[in-house]
Amino acid sequence: MSSTELLAIARDVARTAGAFALERRSHGVSVAATKSSPVDVVTEVDRDTETLIRSLLADARPDDGFYGEESDATGGSSGVTWVVDPIDGTVNFLYGIPAWAVSIAAVEGPVDTDEARTLAGAIANPSTGELYWASVGDGAFRDGERLHMTPDVTLDRALVGTGFGYRPEVRLAQAAVLGRLIGQIRDIRRIGSAALDLCDLASGRLDAYYERGLNPWDHAAGGLIAREAGAVVTGRDGLRESSDLFVAGAPGVQAELLAALALADPRG
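On a predicted model such as this, the values are computed, not experimentally measured, just so you know.

Caption draft 1: Representation of the sheet that holds strand β12 (residues 208–211) in the model. Across the sheet, which stays open at both edges, the 5 strands sit in the order β11-β10-β12-β14-β13 with mixed pairing between neighbours. Each end of this open sheet is capped by a strand with a single partner; those strands are β11 (187–189) and β13 (232–234). Ignoring which end each strand starts from, the neighbouring axes of this sheet average 20° apart. Relative to β12, strand β10 (residues 159–161) runs parallel, the two being bridged by 2 bridges. Its bridge partner being in β12, Val160 is matched across the sheet by Ala208.

Caption draft 2: Seen up close, the packing of helix α5 (residues 194–203) against helix α6 (residues 216–228). The interhelical angle for the contact between α5 and α6, taken along N-to-C directions, is 0°, at an axis separation of 8 Å. Of the possible angle classes, the one that applies to α5 and α6 is roughly parallel. Within the contact between the two elements, α5 uses Ala194, Ala195, Leu198, Cys199, Leu201 and Ala202 and α6 uses Asp218, His219, Gly222, Gly223, Ile225 and Ala226. The residue makeup of the contact of α5 with α6, split by class, is 8 nonpolar, 3 polar and 1 charged.

Caption draft 3: Seen up close, the pattern of salt bridges. According to the stated counting rule, one finds 17 salt bridges in the structure shown. Arg24 is the partner of Asp48 in a salt bridge, and the nearest nitrogen-oxygen pair spans 2.8 Å. Of this pair, Asp48 sits in helix α2 (residues 44–60) while Arg24 sits in helix α1 (residues 3–25), and the two are 24 residues apart along the sequence. On the basis of relative accessible area, Asp48 is assigned to the partly exposed category, the value being 29%. For Arg24, a relative accessible area of 25% gives the class partly exposed. With a shortest N-O distance of 2.9 Å, Glu241 and Arg227 are connected by a salt bridge. You can see Glu241 sitting in the loop between β13 and β14 (246–249) and its partner Arg227 sitting in helix α6, a full 14 residues away along the chain. What emerges from the salt-bridge pattern is a single network uniting Arg212, Arg236, Asp244 and Asp265.

Caption draft 4: Representation of α5 in the model. For α5, the tally of buried residues reaches 10 of 10 residues, placing the bulk of the element in the interior. Ala194, Ala195, Leu196, Asp197, Leu198, Cys199, Asp200, Leu201, Ala202 and Ser203 are the residues of α5 that are buried.

Caption draft 5: Spotlight on the sheet that holds strand β6 (residues 117–125). Here 7 strands make up an open sheet; going across it, the order is β3-β4-β5-β6-β7-β8-β9 and the pairing mixed. One side of each edge strand has no neighbouring strand; the edge strands of this open sheet are β3 (65–68) and β9 (145–146). Where β3 lies against strand β4 (residues 80–88), 4 bridges are found, and the strand directions are parallel. Bridging across to β4, Tyr67 finds its partner in Val83. In the packing of α2 onto the sheet, the strands contacted are β3, β4 and β5 (101–108), and the crossing angle to β4 comes to about 150°. Contacts from α6 reach β3, β4, β5, β6, β7 (130–135) and β8 (140–142), with the element oriented near 100° to β6.

Caption draft 6: Looking closely at unusual backbone geometry. Phi angles above zero are rare outside glycine, and Asp112 is one such case at about 65°. Along the chain, the position of Asp112 falls in the loop between β5 and β6. Using a relative accessible area of 52% as the deciding quantity, one classes Asp112 as exposed. Although it is not a glycine, Asp237 sits at a positive phi angle of roughly 60°.

What counts, and at which threshold
- Along each chain, numbering runs from 1 in the same order as the chain's sequence is written.
- For this predicted model, a pLDDT threshold of at least 70 governs which residues receive local features, and a threshold of 80 or more governs which side-chain atom pairs are given and counted, while totals over whole chains, interfaces and linings are taken from all residues.
- As a rule here, side-chain values come from all non-hydrogen atoms in the structure, and water together with hydrogens is ignored.
- Here, any two strands with at least 2 DSSP bridges between them count as paired.
- The secondary structure listing takes helices from DSSP runs of H or I that are at least 4 residues long and strands from runs of E that are at least 2 residues long, numbered from the N terminus.
- Between N-to-C directions, angles cover 0 to 180 degrees, with each direction set by a line fitted to C-alpha atoms, over the stretch in contact for helices.
- Note that the term roughly parallel is reserved for angles under 35 degrees, roughly antiparallel for angles over 145, roughly perpendicular for angles of 65 to 115, and oblique for everything else.
- Note on contacts: a residue pair is in contact if any heavy atoms of the two residues lie within 4.5 Å.
- Each residue is assigned to one class: nonpolar for Ala, Val, Leu, Ile, Met, Phe, Trp, Tyr, Cys and Pro, charged for Asp, Glu, Lys and Arg, and polar for all the others, Gly among them.
- The salt bridge criterion pairs a side-chain nitrogen of Lys or Arg with a carboxyl oxygen of Asp or Glu, the two atoms within 4 Å.
- The cut-offs for exposure are 20% and 50% of the maximum accessible area for each residue type, with area from a 1.4 Å probe on protein chains only; residues under the lower value are buried, those over the upper are exposed, and the others partly exposed.

By themselves, these figures tell us nothing about what the structure is for.
The structure is reproduced here in structure tokens:
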């Protein structure tokens, strides 16, 4: 199946799952469980939305694998794995903040390895009705409008997005890095959804983005959308992005941000 056909499935499933989660949110939501810390929450809607997504994808592509945030991964025989975050920005979702997303990506090769390649991805923001998508080599779009990053800027004029982990010691370390960085940039934004941060980067609403501790479901679709809009996406020292570090932006500011982070983060 071509990336265009995979994209059509990703868009349909993201749109359907987003409408499902939004309708469930209208009836109220509560915490069902916690994960890495007491503030790393999961709602029943997260779980039910992932169940819906898994079912829709299995109907459309029964031989594909599945890799989601809220359930066990399953292998497939096609070489394609669907990497899914049913609700990226669960704390925003819990509080009714309109910055949460459904993220669906079709990935070729073993997920979270150097061989993995995202072929198509879609991200829905149900609160705003926006749908973002991209497939390899075909550009990035929001509701049918082609996306282009803003022209490259210098780091001191860059609006930079980031996020923080849930464990206190991780947040303290990330805050210390940000404290050393913030005087070198225009300003910082912490929206609470890596998927939407990357869509905002692709849309020109951010100039650059970085974060440590991301999982594949956080960035598989968003990373492709950003790349197809003109972003450079790498990890530390220009290597492949990973949970160790994810840095994205237009070529000049991305390189400057990488260098600044290398100096600001004593962990190397």
